[in-house]
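# A structural walkthrough
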Amino acid sequence: QVQLVESGGGLVQAGGSLRLSCAASGRSITNYVMAWFRQAPGKEREFVAGISRSGSSASYVDYVKGRFTISRDNAKNTVSLQMNSLKPEDTAVYYCAAGSLMVASTTHYNYWGQGTQVTVSS
């Protein structure tokens, strides 16, 4: 199994940027599709971005396209999410996940980090 730990969250003003990182241990992330999800208070956990095992393909939910970029460094066993032009509605706990299929469903991701808080003020 693989263990995931997120970092890089914080408080930023609207229009600002943050870079989230996910450090994996226990097994190489080359075995997994990697993704970022987020969950705001009182709302369901939702897919944000995913990246293939090799890093050759990425997928984003429509409302973050052009603003967020997911990347992975398999040699360092890390996954990142660069978030630019942040909006108040981006406020949520962001989770790193490892799974078998790059889809917008939590069901296909078997391993999760504990999350990191991102707060965007207006």
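Summary of the structure given here. (Residues numbered from 1 in each chain as written. Predicted model: local features only at pLDDT ≥ 70, side-chain atom pairs only at ≥ 80, totals over all residues. Heavy atoms only, no water.)

## Topic: the overall build of the protein
Within the protein, the secondary structure is distributed over 0 helices and 11 strands. The order of α-helices and β-strands along the protein, N terminus first, is β-β-β-β-β-β-β-β-β-β-β. Taking 14 Å as the expected radius of gyration for a compact globule of 122 residues, we find that the protein reaches 13 Å, a close match to that expectation. When the backbone C-alpha atoms are referred to their principal axes, the protein occupies close to 40 × 25 × 25 Å. Buried positions account for 39% of the 122 residues belonging to the protein. (Helix = DSSP H or I, 4+ residues; strand = E, 2+ residues; numbered from the N terminus. Rg over C-alpha atoms; globule rule 2.2 N^0.38 Å. Buried < 20%, exposed > 50% of the residue type's maximum accessible area, 1.4 Å probe, protein only.)

## Notes on the state of the cysteines
Disulfide: a covalent bond connecting the sulfur atoms of a pair of cysteines. The tally for this structure, following the rule as stated, stands at 1 disulfide. Each sulfur in the disulfide pair cysteine 22 and cysteine 96 lies 2.1 Å from the other. The disulfide joining cysteine 22 to cysteine 96 has a torsion of about -80 degrees about its S-S bond and is therefore left-handed. Of the two residues, cysteine 22 sits in strand β3 (residues 18-25) while cysteine 96 sits in strand β9 (residues 92-99), which places them 74 residues apart along the sequence. The pair formed by cysteine 22 and cysteine 96 is uniform in burial state, with each residue classed as buried. (Disulfide = S-S within 2.5 Å.)

## Digging into the packing of aromatic side chains
If you walk through the whole model with that rule in mind, you get 5 aromatic pairs. Judged by centre distance (5.6 Å) and plane angle (75 degrees), the rings of tyrosine 32 and tyrosine 111 are edge-to-face. Separated by 79 residues along the polypeptide, tyrosine 32 in the loop between β3 and β4 (33-39) and tyrosine 111 in strand β10 (residues 109-112) bring together distant segments of the chain. The class for tyrosine 32 is buried, based on a relative accessible area of 8%. Taking relative accessible area as the criterion, tyrosine 111 reaches 24% and is therefore assigned partly exposed. Looking at arginine 45, its charged tip hangs above the ring of tyrosine 95, at a distance of 3.7 Å from the centre. The residue whose ring lies beneath arginine 45 is tryptophan 112, and the NZ or CZ to ring-centre distance is 5.0 Å. (Phe/Tyr/Trp six-rings, centres within 6.5 Å; stacked < 30°, edge-to-face > 60°. Lys NZ or Arg CZ within 6 Å of the ring centre and 35° of its normal.)

## Observations concerning the nonpolar core
Counting 28 residues, the largest nonpolar core has Met34, Trp36, Leu81, Met83 and Tyr94 as the members making the most contacts within it. Setting aside anything within four residues of it in sequence, one finds tyrosine 94 in contact with Glu6, Leu20, Trp36, Phe37, Arg38, Val48, Phe68, Leu81, Met83, Gly115, Thr116 and Val118. (Core = buried A, V, L, I, M, F, W, Y, C linked by side-chain atoms within 4.5 Å. Contact = heavy atoms within 4.5 Å.)

## Brief notes about the pattern of salt bridges
In total, this model carries 4 salt bridges according to the counting rule given. Among the ionic pairs, lysine 65 bridges to aspartate 62, the shortest N-O distance being 3.2 Å. Overall, the relative accessible area of 60% leaves aspartate 62 in the exposed class. Look at the salt bridges and you will find they share partners, linking Arg38, Glu46, Arg67 and Asp90 into a network. (Salt bridge = Lys/Arg side-chain N within 4 Å of Asp/Glu carboxyl O.)

## Topic: the sheet that holds β3
On the basis of which strands lie adjacent, the open sheet formed by 4 strands has the order β1-β3-β8-β7 and antiparallel pairing. Sheet topology places β1 (3-7) and β7 (68-73) at the edges, where each strand pairs with a single neighbour. Across the sheet, the mean angle from the axis of one strand to that of its neighbour is 15 degrees, orientation sign disregarded. (Pairing = 2+ DSSP bridges. Axes fitted to C-alpha atoms, helices over the stretch in contact; angles between N-to-C directions.)

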